[in-house]
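What the coordinates show
The primary structure of each chain is shown beneath.
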Amino acid sequence: MTGRRERLFVLEASSGGRMFSVNPDGSDKEFVVTGCRVPDGIAVDAAAGHVYWTNMGVPPENDGSIERVDLDGGNRTTIVPNGGTHTPKQLHLEASDRKLYWGDREGMRVMRCDLDGSNVETLVQTGQGDDDRRDETRWCVGVAVDPVGGHLYWTQKGPSDAGLGRLLRAGIDLPAGQSPAERGDIEVLFEGLPEPIDLELDLGERTLYWTDRGDPPRGNSVSRSPMQLPDGQQTPEILLTHLMEGIGIALDPEGGHMYVTDLAGSVYAAGLDGSDQEEILVAQGNLTGIALAVLPA
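Quick look at the structure, then. Quick caveat, the model's predicted, so the values are computed rather than measured.

Conventions and cut-offs
Residues numbered from 1 in each chain as written. Predicted model: local features only at pLDDT ≥ 70, side-chain atom pairs only at ≥ 80, totals over all residues. Heavy atoms only, no water. Buried < 20%, exposed > 50% of the residue type's maximum accessible area, 1.4 Å probe, protein only. Helix = DSSP H or I, 4+ residues; strand = E, 2+ residues; numbered from the N terminus. Pairing = 2+ DSSP bridges. Axes fitted to C-alpha atoms, helices over the stretch in contact; angles between N-to-C directions. Contact = heavy atoms within 4.5 Å. Polar contact = N/O pair within 3.5 Å; in protein donor to acceptor, adjacent residues only side chain to side chain. Patch = residues over 30% accessible without salt bridge, like charges linked within 9 Å, V, L, I, M, F, W, Y side chains within 5 Å. Areas by Shrake-Rupley, 256 points an atom, 1.4 Å probe, with all protein chains shown as cover. Salt bridge = Lys/Arg side-chain N within 4 Å of Asp/Glu carboxyl O. Lys, Arg positive; Asp, Glu negative; His and termini not counted. Charge placed at Lys NZ, Arg CZ, Asp CG, Glu CD.

Right, let's talk about the pairing of strand S1 (residues 4-12) for a bit. Burial within S1 is extensive, with 7 of its 9 residues counted as buried. One ladder, built from 8 bridges, connects S1 with strand S24 (residues 287-296); its direction is antiparallel. The partner of Arg5 across the bridge, within S24, is Leu295. Here S1 runs beside strand S2 (residues 18-22); their pairing, made up of 5 bridges, is antiparallel. Opposite Leu11, over in S2, you have Met19 as the bridge partner.

Structure below.
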C-alpha cells in the first residue's frame, strides 16, 4: 500500500533473549535488541516510534520488568524495573487511554501502567502468597482490551495439558469500592480450555482470537469466538492446529491476515479464518510474542 509498510516484531526467548523484525512474508530479518531476560510480550507504538516488551526474568526471584526501545533499537529504556512485576507475559498497548496492560503469571494478576512506566496498577488479583502461586489455574497470561465495550480480557492457563484453562472478562477499570481480589464484575467466557495463552481482538468484527498450548486435537491451536457470546456457552471455532506450543498472535484485520508464533521457532501466516496457512519462518529459536506494526514508508 502506498505510503506505508508493515513489519512484524518478534521475540525470541532463547539465545540470550532477542527481538527481531521481518517483513510479513518473513524476509529481511533484522535484530532490534539482544540481551533480554526471557522476553515474552510485545507491543508497538508505531506513531511514537517505540517498541515495548516484557521480560519474565527468573520466576522464583520475582524480578520481571518492562522495557522500551526505538524501532531501530536505539534508546533502550527500562520503564518498569526488575521486581515491579513478577513474571510479565503478554503485553497490550491501548491507544485510547495510552496505557500498557499485561498478564503477570506468578504474580497472579492483571496489571497496567502509563507508557512511561508510572502509575502501575493491579486490576485483577487471583491469589496471594506461595501456596496460591503453586496453583497454575490462578496464573494470568494473555491480555486484551476492548475500549468500545469497556472490557478487559485475560487468560488463566492452568497446568500443562490439564484442560483447566479459562478465558475471562471484566470492566477495564476497577469498580468503585472493590479490590482487585474481590471484583464482582468478572465473567468466565470459556473454561476447560487446553492451555490458553495470548489474546487478540478484531474490534471491527467484534471477534476474540487466542492461542492454546496443550494436547491435540483442541490444543496447540488458534481459536476464535464472538466477543458477545450468545446465551449459553458455545464451543470456540478452531482455526489453526498442529502448532508446536503456540504462543504469540497478531492480527491484521485490514489485510485479512493473522500471524502466529510457537516455541519450536516457527512464524505462521494465515487468513483470519485460518485459510491459506503458511510457515513464513522456521527454526528461529523459542519464539514468544509477536506484533504487527504499520510504519511510515
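Now that the structure has been shown, the text picks up again.
Once that is clear, we can look at the sheet that holds strand S21 (residues 257-262). Read across the sheet, 4 strands follow the order S20-S21-S22-S23 without closing on themselves; strand pairing throughout is antiparallel. Two strands close off the open sheet at either side, each with one partner strand: strand S20 (246-252) and strand S23 (278-281). The mean inter-strand angle of the sheet, taken between neighbouring strand axes irrespective of direction, is 30°. One ladder, built from 5 bridges, connects S20 with S21; its direction is antiparallel. Among the inter-strand pairings, Ala250 is bridged to a residue of S21, identified as Tyr259.

Moving on to the environment of Arg112. Here Arg112 is to be found in strand S10 (residues 109-114). On the basis of relative accessibility, which here comes to 7%, the residue Arg112 falls in the buried class. Along the primary structure Arg112 and Tyr101 are separated by 11 residues, whereas in three dimensions their C-alpha atoms are 4.2 Å apart. Other than its neighbours up to four places away in sequence, Arg112 contacts Asp97, Lys99, Leu100, Tyr101, Trp102, Asn119, Val120, Glu121, Leu123, Ile172 and Asp173. A distance of 3.0 Å separates polar atoms of two side chains, one belonging to Arg112 and the other to Tyr101. Among the polar contacts listed, one links the side chain of Arg112 to the side chain of Asp173, at a separation of 2.8 Å.

Once that is clear, we can look at a negative patch on the surface. A cluster of acidic side chains, namely Asp25, Asp273, Asp276 and Glu278, defines a negative patch on the protein surface. Take Asp25: it is sitting in the loop between S2 and strand S3 (30-34).

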